[in-house]
Amino acid sequence: MKLATKILWALGLGAIVGIGLNLAAPSFFTEADRFFFTPLGTIFLNLIKMLIVPLVFFSIVVGVANIGDPKALGRMGSKAMLFFLTTTAIAITIGIALAVIFQPGNKGQFDVQEASYEATEAPPVSETLLGIIPANPIDAMASGDMLQIIFFAIFIGLGISYLASKVDLVKRFMEQGNELMMFLVTLVMKFAPYGTFGLIASAVGKQGFDALQAMFWYMMVVLLALFIHFILIYGSALKVLAKRNPIEVVKAYLPAMTVAFSTSSSSATLPISMEVAQNKLNVPKGISSFVQPLGATINMDGTAIMQGVATIFIAQVYGVDLSFSQMLIVVMTAVLASIGTAAVPGAGMIMLAMVLESIGLPVEGIALIIGIDRLLDMTRTMVNCFGDLTCALYITESEKDKEKSALAE
């Protein structure tokens, strides 16, 4: 049986076991979760997290060293940023439009008296941008600050490229380190079906039917928006910009998507995502190593959709009619916040708090959706990771055109 098929079976079985135990034997589920499901999922997550920092560092250094040209790197970075920001704006617009049409906040009774939520303050955008340069690269690696790791790795890669034969030994060490990390990713993925089973059983079982019933319409609108964005926006980008068959890309990327779904973490999916992109979809290592880690940190299309739906949902629950100009403010705030909160833990909820504050809606409304956010987070992480891949494939195609025009000249 193929790995992707095993993971899909584990997903389905985990969901059935989790919800089944929650309904039939809640007390037994609690014990099973504590001693089996959660440890199983934690072992898998820790195995992946163990590889993230060295993999990102080695792969970016090797990728940048092989690209060599700082202009090419700047060009790819500009394309990636434009792609991510454009798709984020489209994503939140889709979310807002569907929430206005289906009105999930008007389809049930919600107790807003007891709702309370302590919003974490986001740092200014300038602070985030200045924070990209690490004062201590070792500390950045220890704390897993992805933007700082990316910056330092690019810096080292450019140095290796410039010094060329003088640092052959260093370059070879980086290449071998990258090969080793990719091998370890393949090894860890053998445990993926078991880890996925534990993570899904735990996540679904903890929610139960009551939470899912109360928020049914909100969940349906978010899932519909994610589906439309995945099929229409990414499908079109793959077909038109990357000149790839979307169905073939989805089939190849399925193992990474299932890991994204079960872990709810773009960073944790990164090792598998890059391995699939490079080995199955022929994305050059230089492009994959640069674009996908950047996307895992900055690209938040799935999160933007949640924010669009959640903002309109909370407005409807509190009986507030938002004007067209307020909805435009929501779009702009979410797009800017996706950069400003890129390196902040729990960025999704911080971004939502910023969006709600920008149009005067009560931040306490977040308490209504936070209960079932874990399940939706799984789906939107899958969409985010696929967006990173789509961008890498688009840049691969556009850089091909550059090479052709350079040869023609």
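Residues numbered from 1 in each chain as written. Predicted model: local features only at pLDDT ≥ 70, side-chain atom pairs only at ≥ 80, totals over all residues. Heavy atoms only, no water.

Draft legend 1. Geometry of the packing of helix H3 (residues 70-102) against helix H12 (residues 285-298). Between H3 and H12, whose axes approach to 11 Å, the crossing angle comes to 35°. Crossing geometry of H3 relative to H12 is assigned as right-handed. Residue-level contacts link Leu73, Met76, Gly77, Ala80, Met81 and Phe84 of H3 to Ile287, Phe290, Val291, Leu294, Gly295 and Ile298 of H12. Of the residues belonging to the contact of H3 with H12, the class tally is 10 nonpolar, 2 polar and no charged. (Axes fitted to C-alpha atoms, helices over the stretch in contact; angles between N-to-C directions. Helix = DSSP H or I, 4+ residues; strand = E, 2+ residues; numbered from the N terminus. Left-handed = near helix turned anticlockwise from the far one by under 90°. Contact = heavy atoms within 4.5 Å. Nonpolar A, V, L, I, M, F, W, Y, C, P; charged D, E, K, R; others polar.)

Draft legend 2. Fine view of unusual backbone geometry. The phi dihedral of Gln103 is positive, around 50°, even though this residue is not glycine. You can see Gln103 is positioned in the loop between H3 and helix H4 (125-130). Among the residues examined, Gln103 registers a relative accessible area of 35% and is labelled partly exposed. Non-glycine residue Asn282 carries a positive phi angle of around 55°. When you line up the elements, Asn282 lands in the loop between helix H11 (266-279) and H12. (Buried < 20%, exposed > 50% of the residue type's maximum accessible area, 1.4 Å probe, protein only.)

Draft legend 3. Spotlight on helix H13 (residues 301-317). A rise of 1.5 Å per residue sets the reference length of H13, with its 17 residues, at 24 Å; its end C-alpha atoms lie 24 Å apart and thus fit the reference within 8%. Within H13, 17 of the 17 residues are buried, which leaves the element mostly enclosed by the surrounding structure. Looking one or two residues past H13, Gly319 carries a phi angle of roughly 70°, positive in sign. (Expected span 1.5 Å × (residues − 1).)

Draft legend 4. Local environment of the confidence of the model for the protein. Residue-level pLDDT values for the protein average 84, and 88% of them are 70 or greater. Helix H9 (residues 216-241) holds the highest mean pLDDT among the elements of the protein, 93, whereas H4 holds the lowest, 67. (pLDDT = per-residue confidence, 0-100.)

Draft legend 5. Geometry of the side chain of Ser289. Topologically, Ser289 is positioned in helix H12. Engagement of the side chain of Ser289 in a polar contact is seen with the backbone oxygen of Ser59, the distance being 3.0 Å. Beyond its immediate stretch of four places on either side in the chain, Ser289 contacts Ser59, Ile60, Met274 and Gln278. (Polar contact = N/O pair within 3.5 Å; in protein donor to acceptor, adjacent residues only side chain to side chain.)

Draft legend 6. Spatial organisation of empty space enclosed by the protein. Throughout the structure, instances matching the rule amount to 1 cavity of 30 Å³ or more. Of the voids in this model, the largest cavity is the one considered here, and its volume is about 40 Å³. Residue lining of the largest cavity: Tyr253, Ser266, Thr269, Leu270, Ser273, Gln292, Cys385 and Asp388, and that is the complete set. Per-element accounting of the lining of the largest cavity gives the leading share, 4 residues, to H11. Its residues assigned to classes, the lining of the largest cavity comprises 3 nonpolar, 4 polar and 1 charged. (1 Å grid on protein atoms, 1.4 Å probe; cavity = no way out; pocket = protein on both sides within 12 Å on 5 of 7 lines; lining within 4 Å. Points joined across faces, edges and corners; volume = space filled by probe spheres on them.)

Draft legend 7. A look at H12. Between the first and last C-alpha of H12 there are 20 Å, a value that for 14 residues agrees with the 20 Å anticipated at 1.5 Å per step. For H12, the buried fraction is high: 13 of the 14 residues fall into the buried class.

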